[in-house]
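So the chains spell out like this:
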Amino acid sequence: MHRPGLHEGSSLVLHHGGVDDYADFGRLCSAVYVAARAGAVDCTAAFDLAASWLEDDPQDPDATELATLSLDCARAGQPRMAEVALRLLAAHDFRPGFAEEPGLLARLEEAMDMVNRDLAATGVHRRCRLRVHDDDGLNWPVNAYVETWDGYRGTAQGVYPGSGANPVWALVDVAEDGQDAVMHSLWAAWPLCPVHGLGAHAREHEGAAVWWCAGGGGHAVTPVGEW
Ligand SMILES: [Zn+2]
């Protein structure tokens, strides 16, 4: 059985390892991730994590190695334990959120600044800000979303933390969510292609984040942030 991604809202309940519910398991994964990124994994937490996976997949080589290393709990084994723990988490679709990786949010904030430049360049001299949904107490990462100067937001899911892992994804996703929010506030299409008068949409094009217009067979109006 493959464990589902932690963001998928599964109600999988573990039955082993002293980890008695899914939210606890999520907190365990989060704690091990943060510790492993810092290069110092707690042996008890690492063992709990390994044991949970071995219950489902007794042959998993990474979980087996992590269990062995965590039982030894030798200082010299720490780097290897961190490496194996991160690989195990990644292989089982653990996705760090803003809490585990603050740099993801920082990159989305940079993208927000770029989208605000486009707002100003198109004559909307108000700023949007990036906000983060409240942690709902569950164990999947919460999303960020764009809020306009007057409190409007988009109707979609917002921006996943993983978008902050790549500057182009960050720009496209923040621009897309920002557009949705801005259009709710302006009650009009934004931004408009100056050639065709059509609403442009953010997309990745030739490795860059651009505002794309469907007019004239489709064309990039401008890179996001450079309107
Ligand atoms: Zn156009």
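Residues numbered from 1 in each chain as written. Predicted model: local features only at pLDDT ≥ 70, side-chain atom pairs only at ≥ 80, totals over all residues.

Describing the overall build of the chain
Looking only at helices and strands, one finds 6 helices and 5 strands in the chain. Moving toward the C terminus, one meets the helices and strands of the chain in the order α-α-α-α-α-β-β-α-β-β-β. A buried classification covers 37% of the 227 residues belonging to the chain. Long-range contacts, defined as pairs at least 24 residues apart, comprise 50% of the intrachain contacts of the chain with a sequence gap of at least 6. (Helix = DSSP H or I, 4+ residues; strand = E, 2+ residues; numbered from the N terminus. Buried ≥ 20, exposed ≤ 12 C-beta atoms within 10 Å, placed from the backbone. Contact = placed C-beta atoms within 7 Å.)

Topic: the sheet that holds strand E3 (residues 201-205)
Spatially, 3 strands are ordered E3-E4-E5 in an open sheet, and the strand pairing comes out antiparallel. The open sheet has two edge strands, E3 and strand E5 (219-223), and neither has a second partner. Neighbour-to-neighbour, the strand axes of this sheet turn through a mean angle of 50°, independent of strand direction. Relative to E5, strand E4 (residues 208-213) runs antiparallel, the two being bridged by 4 bridges. Paired with Cys213 across the two strands is His219, which belongs to E5. Across the sheet, helix H6 (residues 167-186) touches E3 and E4, and the angle it forms with E3 is around 165°. (Pairing = 2+ DSSP bridges. Axes fitted to C-alpha atoms, helices over the stretch in contact; angles between N-to-C directions.)

As for the packing of helix H5 (residues 102-121) against H6
Packing of H5 against H6 leaves a shortest axis separation of 8 Å and a crossing angle of 50°. Looking at the two axes, H5 sits oblique to H6. In this structure, the crossing between H5 and H6 has a hand that is right-handed. Contacts between H5 and H6 pair Arg107, Leu108, Ala111, Met112, Met114, Val115 and Leu119 from the former with Pro167, Ala170, Leu171, Val174, Ala175, Gly178 and Val182 from the latter. Of the residues assigned to the contact of H5 with H6, the class counts are 12 nonpolar, 1 polar and 1 charged. (Parallel < 35°, antiparallel > 145°, perpendicular 65-115°, else oblique. Left-handed = near helix turned anticlockwise from the far one by under 90°. Nonpolar A, V, L, I, M, F, W, Y, C, P; charged D, E, K, R; others polar.)

Some thoughts on helix H4 (residues 78-91)
Over its 14 residues, H4 runs 20 Å from end to end, which matches the ideal 20 Å to within 8%, given 1.5 Å per residue. Taken together, the buried residues of H4 touch helix H1 (22-37), helix H2 (43-56) and helix H3 (61-72). Trailing H4 by a residue or two, Asp93 shows a phi angle of about 70°, which is positive. (Expected span 1.5 Å × (residues − 1).)

Details of the confidence of the model for the chain
Of all residues in the chain, 89% attain a pLDDT of 70 or more, and the chain-wide mean is 89. pLDDT under 50 marks residues 1-18. Its contacts with residues more than four places away, or in other chains, come to 35 contacts. (pLDDT = per-residue confidence, 0-100.)

Quick word on the environment of Trp212
Tracing the backbone shows Trp212 in strand E4. Exposure remark for Trp212: the 18 C-beta atoms within 10 Å place this residue in the partly exposed category. Sequence separation of Trp212 and Pro191 is 21 residues, and the distance between their C-alpha atoms is 9.9 Å. Sequence-distant contacts of Trp212, defined by excluding residues within four places in its chain, comprise Ala200, His201, Arg203, His205, Gly218, Ala220 and Val221.

Considerations on the pairing of E3
Bridge count for E3 against E4 is 5 bridges, and the pairing is antiparallel. Among the inter-strand pairings, Arg203 is bridged to a residue of E4, identified as Val210. The turn joining E3 and E4, which pair antiparallel and follow one another in sequence, is formed by 2 residues; a positive phi near 50° is taken by Glu206.

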